[in-house]
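Secondary and tertiary structure notes
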Amino acid sequence: MPLVSMTELMQQAKVQKFAVGQFNMNNLEFAKAIMEAAEEERSPFIYGVSEGAIKYMGLDYVVAMAHAAADKSDIPVVLHLDHGSSFDVAMKCIKAGFTSVMFDGSHYSLEDNIRLTKEVVRAAHAMGISVEGELGTIGGVEDDLTVADEDAKLAKPEEAIRFFEETAVDALAIAVGTAHGMYKGEVRIRYNIIEEVAGKVAVPIVLHGGSGVPDEAIRRSIELGVGKINVNTENQVAMTAAVKKVLTEKPDVIDPRKYLNPAIAAMREVVKGKMKLFGSSNKA
Ligand SMILES: [Zn+2]
């Protein structure tokens, strides 16, 4: 089927209390591994593509790969811009064939974030495209964006509720203590923030930095209102480990398919595990 926006998926997740996984797509191997996992699990999913990944693959390749994957399947697949930095980038992606965009105005003042997010929502919704907004600052490294832990600001529930009411985003990312990348120490998720905000907004909360968060913390977050979880780093780790293993055991290998097929298989297992954990299996 054609790519879909995440509007209906987010509503389904909110009502049925599961989370849709956003798995970042960094190349063809990611695209295939994620799609294969979804077919096996009968799970809807979101291809997340960052501006850095678009720069790497080229916008045309990104859209063509996502469409090719979705078209031959009956699984709902969303092509979503991850951490879009401007109105123009969001529009460029929508024009190219994306079905969902995130506008990350979290580094602006609350007023500016609301104003800029609203502009993206108005234009996107008119075309049937969903929008994710962000409030508070999520720590860690995302592409070229590094946020030191001391600069990571948790979202204030009353601001998050106002942000949702004024912008009408389809999914709301709020900083609740997770970080991009892998965790060095223990993750401390502020469940009270999730609970307070989720109880007052009509859309799911998005958890960024889902890699390395313990299963129990994921389950509790979903129970409280998280309906979209972003995973990238764990797939990167799985891919790299699989490639290293082949090249270490067989240093003479020169055919990329010999080390990339195991990489696809490794990522497929990671994604299947997440879909089971998120409760999205058999929801397609
Ligand atoms: Zn993120």
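Use the structure listed above.
Our subject in this report is the structure included herewith. (Residues numbered from 1 in each chain as written. Predicted model: local features only at pLDDT ≥ 70, side-chain atom pairs only at ≥ 80, totals over all residues. Heavy atoms only, no water.)

**Points about the packing of aromatic side chains**
This model, assessed by the stated rule, comprises 1 aromatic pair. Taking 4.8 Å as the distance between ring centres and 85° as the angle between the ring planes, the aromatic pair formed by Phe 45 and Tyr 47 counts as edge-to-face. Owing to a relative accessible area of 0%, Tyr 47 belongs among the buried residues under this scheme. (Phe/Tyr/Trp six-rings, centres within 6.5 Å; stacked < 30°, edge-to-face > 60°. Buried < 20%, exposed > 50% of the residue type's maximum accessible area, 1.4 Å probe, protein only.)

**Focus on the side chain of Asn 235**
As for its placement among the helices and strands, Asn 235 is situated in helix α10 (residues 233-249). With relative accessibility at 1%, the residue Asn 235 sits in the buried group. Beyond its immediate sequence surroundings of up to four residues, Asn 235 is in contact with Phe 23, Phe 30, Met 267, Val 270 and Val 271. (Helix = DSSP H or I, 4+ residues; strand = E, 2+ residues; numbered from the N terminus. Contact = heavy atoms within 4.5 Å.)

**Looking at the sheet that holds strand β1 (residues 20-24)**
One closed barrel holds the 8 strands; their spatial order is β1-β2-β3-β4-β5-β8-β10-β11, and the pairing between them is parallel. Ignoring strand direction, the axes of neighbouring strands in this sheet form an average angle of 25°. Judged from the 3 bridges that link them, β1 and strand β2 (residues 45-50) form a sheet pairing that is parallel. Bridge pairing in β2 places Asn 24 opposite Gly 48. Contacts from helix α7 (residues 157-167) reach β5 (130-135) and β8 (171-174), with the element oriented near 155° to β5. (Pairing = 2+ DSSP bridges. Axes fitted to C-alpha atoms, helices over the stretch in contact; angles between N-to-C directions.)

**Describing helix α9 (residues 215-224)**
Here α9 has its buried residues at Ala 217, Ile 218, Ser 221 and Ile 222. Projection of α9 onto a plane perpendicular to its axis shows the buried side chains occupying an angular sector of 135°, all on one side. Buried residues along α9 sit against α8 (191-198), β10 (205-207), β11 (226-231) and α11 (256-278). Immediately downstream of α9, the backbone of Gly 225 shows phi near 135°, a positive value. (Arc of directions from axis to C-beta.)

**Concerning the coordination of the zinc ion**
Coordination sphere of the zinc ion, protein contribution only: His 83 (NE2), His 180 (NE2) and His 208 (ND1), at 1.9 to 2.1 Å. Within one chain, the residues serving as donors to the zinc ion are arranged as H-x96-H-x27-H. Taken together, the positions of His 83 in strand β3 (residues 77-84) and His 180 in strand β9 (residues 179-180) put the pair 97 residues apart, joining distant regions of the chain. Considered together, His 83 and His 180 belong to a single accessibility category, that of buried residues. (Donors = N, O, S within 2.8 Å, 3.2 Å for Na, K, Ca; no water.)

**Comments concerning the pattern of salt bridges**
Under the criterion given, the structure shown has 17 salt bridges. Measuring nitrogen to oxygen at the nearest pair gives 3.2 Å for the salt bridge that ties Asp 112 to Arg 115. One end of the pair is Asp 112 and the other is Arg 115, both in helix α6 (residues 110-126) and 3 residues apart, which spans about a single turn. We classify Asp 112 as partly exposed; its relative accessible area is 30%. Its salt-bridge partner being Arg 257, residue Asp 255 comes within 3.3 Å of it at the nearest N-O pair. (Salt bridge = Lys/Arg side-chain N within 4 Å of Asp/Glu carboxyl O.)

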